[in-house]
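# Coordinate analysis (summary)
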Amino acid sequence: MADQTNQTPNFYALLMGIDCYSPNQLPDGSPIKNLRGCVRDINYVEAFLKETWKIPENHILKLTSSANASNPSEPLEPPEQLPTYKNIVDKFRQLTAMASKGDLVYIHYSGHGGYAKTSYPKIKGANGIDETLIPTDIGKPEGQHLRDLELAKLLQEMVDKELVVTLVLDSCHSGGATRGDESDVRGIGVVDTTPRSEASLVASSEELTKTWESLNDGDTRSFTSGRLPESRDYVVLAACRQTELAHEYVINKQTKEFHGALTYWLIDSLRQLTPELTYRDLQDRIIAKVNSLFPQQMPLLIGEGNRVVFSSDYTNMHYTVPVRQVNYDMNPPQIYLEAGQVTGLRKGAEFAIYKLGSREFTPENCLALAIIKNLGATESWCELQPLSGKEAVQQGDRAVLTSASTNLVRKIRLLHLEEAHSEEEKAFQNIKDVLGIGKGWIKLADDENQDNQIDAADYIITVNKEGEYEICDRTGTPFPNLRPPLKISDSNSATQLIKRLVHLAKYHATEALDNFDRSNPLMGKLVVEWMGWLEEDEHDFADEIPSKDRLRLLDDSKNPTVKEGDWIFLRIHNNFSRDLNFAVLGLGANWAIQQAYPPGEGNKFDTIGSGQSVPVAFQITLPEGYEKGADIAKVFATVGSPNFTWLALPPLDEPLAPKSLSRGGDPLEDFLAAIDDESPTSRPLNSVTCPSREWTTKQLKVNVKKA
């Protein structure tokens, strides 16, 4: 890794690690288990920051509580160095005061996380809970949690000063028994209901409430939702989702060196930092490493994933598939990709593999090629074909789909509406000339197939009276909201038309995704319904979602119409016998696809318990210049861990970051053609259960009109 000396004068850090909790129980008698790797985490991070980033000693603030072998309930450090509630708040404020506008700030917490009875019932309800970081003195009568509203305020003060903040939380909110001899869980496992002082050292209750409500204004684009906004000002890496456990494990079995799984693989990944490595790149590699040890721990990213690590710069997001596992011991070698049937893939789909952090997806930069041989619902095993002279594929590297699966290819027909004329003939010929840039997503329909039948087309291309290309559905009806118009007289219009067709093909492929396997045990177990609606001024993202009887009735429960700015509420219910992971994709009137729930670049799915329901609020908007439109909420539920981020599409009139690699006329073509489609004979690939029995999907539509 290149020396970072020229960046160090504007880099500050606050590091907090708690192994020893004093005393080792809450006032109600609930135990607080000491941990074994948190202080080691902090020392590990500190050494990395000093050695690699050359951060001077006086730029690093540190609070630790180390276990005392002779007295486990008393830490080794003096009181002023302990991560007590007061000391943590004071160090946050000191860090904010030290740094100047534009400086980089890194905050790392390793210790227990938890839940406590809320101190803010006006925001969270009488039975609400606060998510907390648990200071070392929480067991004392005067001990206090650092609550989510307080942490939000402390971060907001840094944002207001225009600091560039990265926060790492190697803790969890739920706890439980140790899983295995070499792992501990960083959570206390109970909701703390101890009556405690409500006098915050961070700010008054009114100030905390105001900050919390301002942060929860949310993103009001069509089909987006969330309690916290995605911020350009800070990024949070958390060890796991709310329903999961953050593990410690032994790095060195001989010396019994414990570390947090997130911290260890975070620093390991940062040591391989490459230019323009984004936080989402970083998260994907960490997930691959942590999941190989703890499959149920999914490190979480909050904030904009396209921000460059330890920088205020941003880079274009490239929608790729992470490599989760690599096995070079097999013949041929295998890789495990975070992609499967639920995202429309089929056996035989081909990927090009690129190094983590790559931004140029060219044949020259390709490390290897991979073909799906064992298709899973959310992940798949692929046969790996390394390219000569290239470095080995590693966990966290990126896979790019080289062409569409045959089930996703859309056919187009060029149709003369009137007697052909030379301009129209030339326009149609231009389409044929550039059809290859469609990357296999589209092809011309045959005039006659082998049965002497006219080949059905998905899209019909015509030239209208204004001399513009027009894309119609199979009935001849033009698709709405395709802009700007493409004049056949413009030399680049045919190329833009093909790109537009590829965009539509991807959009409609996602819209059409469904599971028709009647033996699927999930069939009928996912219930999705519109609950009702509220006017724009009747709800806010910070508000609790109302019960169905408090909502306005929809004009049509299956095909409702609402005004721009109104709120519409979705209910997702799990009737299956076990927990399901789910995500909601929003398919917009402007032909965009984005993950609507859960929000955030790094939050790939949420979990819904058996017999449980999840309500989701959406505030509906129309793209600029639209008078009406229709949005689709497509809900996917899976047994495995899905990743839908690479299905995302921008609005049709915005550029798309490269996703696919064209096979036409490049050096990979001969290699791809030479790959044998037969399964290897030397040793079978790992078996994968029937993928269609592990996922299901439902979708609902809402029509939107101008207010």
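What comes next concerns the included structure. (Residues numbered from 1 in each chain as written. Predicted model: local features only at pLDDT ≥ 70, side-chain atom pairs only at ≥ 80, totals over all residues. Heavy atoms only, no water.)

In terms of nonpolar packing, the biggest core is built from 65 residues, with Phe351, Ile353 and Tyr469 touching the most fellow members. The biggest single contributor to this core is helix α9 (residues 493-512), with nine residues. Dropping the residues within four chain positions of it, Phe351 is found in contact with Val321, Leu337, Leu345, Ala368, Leu369, Ala370, Ile372, Ala399, Val400, Leu401 and Thr402. In terms of nonpolar packing, the next biggest core, distinct from the first, is built from 43 residues, Leu95, Ile123, Leu167 and Trp212 among them. (Core = buried A, V, L, I, M, F, W, Y, C linked by side-chain atoms within 4.5 Å. Buried < 20%, exposed > 50% of the residue type's maximum accessible area, 1.4 Å probe, protein only. Helix = DSSP H or I, 4+ residues; strand = E, 2+ residues; numbered from the N terminus. Contact = heavy atoms within 4.5 Å.)

Tracing the backbone shows Asn515 in the loop between α9 and β24 (526-534). By relative accessible area, which is 9% here, Asn515 ends up buried. In terms of polar contacts, Asn515 uses its side chain to reach the backbone amide nitrogen of Asp517, at 3.1 Å. Here Ser692 takes part through its backbone oxygen, which lies 2.7 Å from a polar atom of the side chain of Asn515. (Polar contact = N/O pair within 3.5 Å; in protein donor to acceptor, adjacent residues only side chain to side chain.)

Pairing within the open sheet is antiparallel, and its three strands lie in the order β24-β26-β30. Lying at the two open borders of the sheet, with one neighbouring strand each, are β24 and β30 (613-619). If you compare each strand with its neighbour and ignore which way they point, the axes differ by 20 degrees on average. Two elements, strand β26 (residues 567-574) and β30, share seven bridges in a ladder whose sense is antiparallel. Within β30, the residue paired with Arg571 across the bridge is Pro615. (Pairing = 2+ DSSP bridges. Axes fitted to C-alpha atoms, helices over the stretch in contact; angles between N-to-C directions.)

Taken in spatial order, the four strands line up as β21-β20-β22-β23 in an open sheet, and their pairing is mixed. Each end of this open sheet is capped by a strand with a single partner; those strands are β21 (442-444) and β23 (469-472). With strand direction ignored, the average angle separating the axes of adjacent strands in the sheet is 30 degrees. In this structure, strand β22 (residues 459-463) lies alongside β23, joined through four bridges in antiparallel fashion. Considered in β23, the bridge of Thr462 is made with Glu470. In the packing of helix α8 (residues 422-433) onto the sheet, contacts are made with β20 (410-414), β21, β22 and β23, and the angle to β22 comes to roughly 140 degrees. Against the sheet, α9 contacts β20, β21, β22 and β23, and its axis sits at roughly 15 degrees relative to β23.

Attention shifts here to the pattern of salt bridges. Any two side chains of opposite charge can pair, given that their charged atoms come close. Within the structure shown, the criterion is met by 25 salt bridges. Among the ionic pairs, Asp130 bridges to Arg147, the shortest N-O distance being 2.8 Å. Highlighted residues: Asp130 in strand β5 (residues 129-133) and Arg147 in strand β6 (residues 146-147), separated in sequence by 17 residues. You can call Asp130 buried: its relative accessible area is 0%. The exposure class assigned to Arg147 is buried, which follows from its relative accessible area of 8%. Between Lys563 and Asp566 there is a salt bridge, with its nearest N and O atoms 3.3 Å apart. Accessibility expressed as a relative area gives 27% for Lys563, which makes it partly exposed. One salt-bridge network, held together by shared partners, links Asp284, Arg324, Glu338, Glu379, Arg398 and Lys604. (Salt bridge = Lys/Arg side-chain N within 4 Å of Asp/Glu carboxyl O.)

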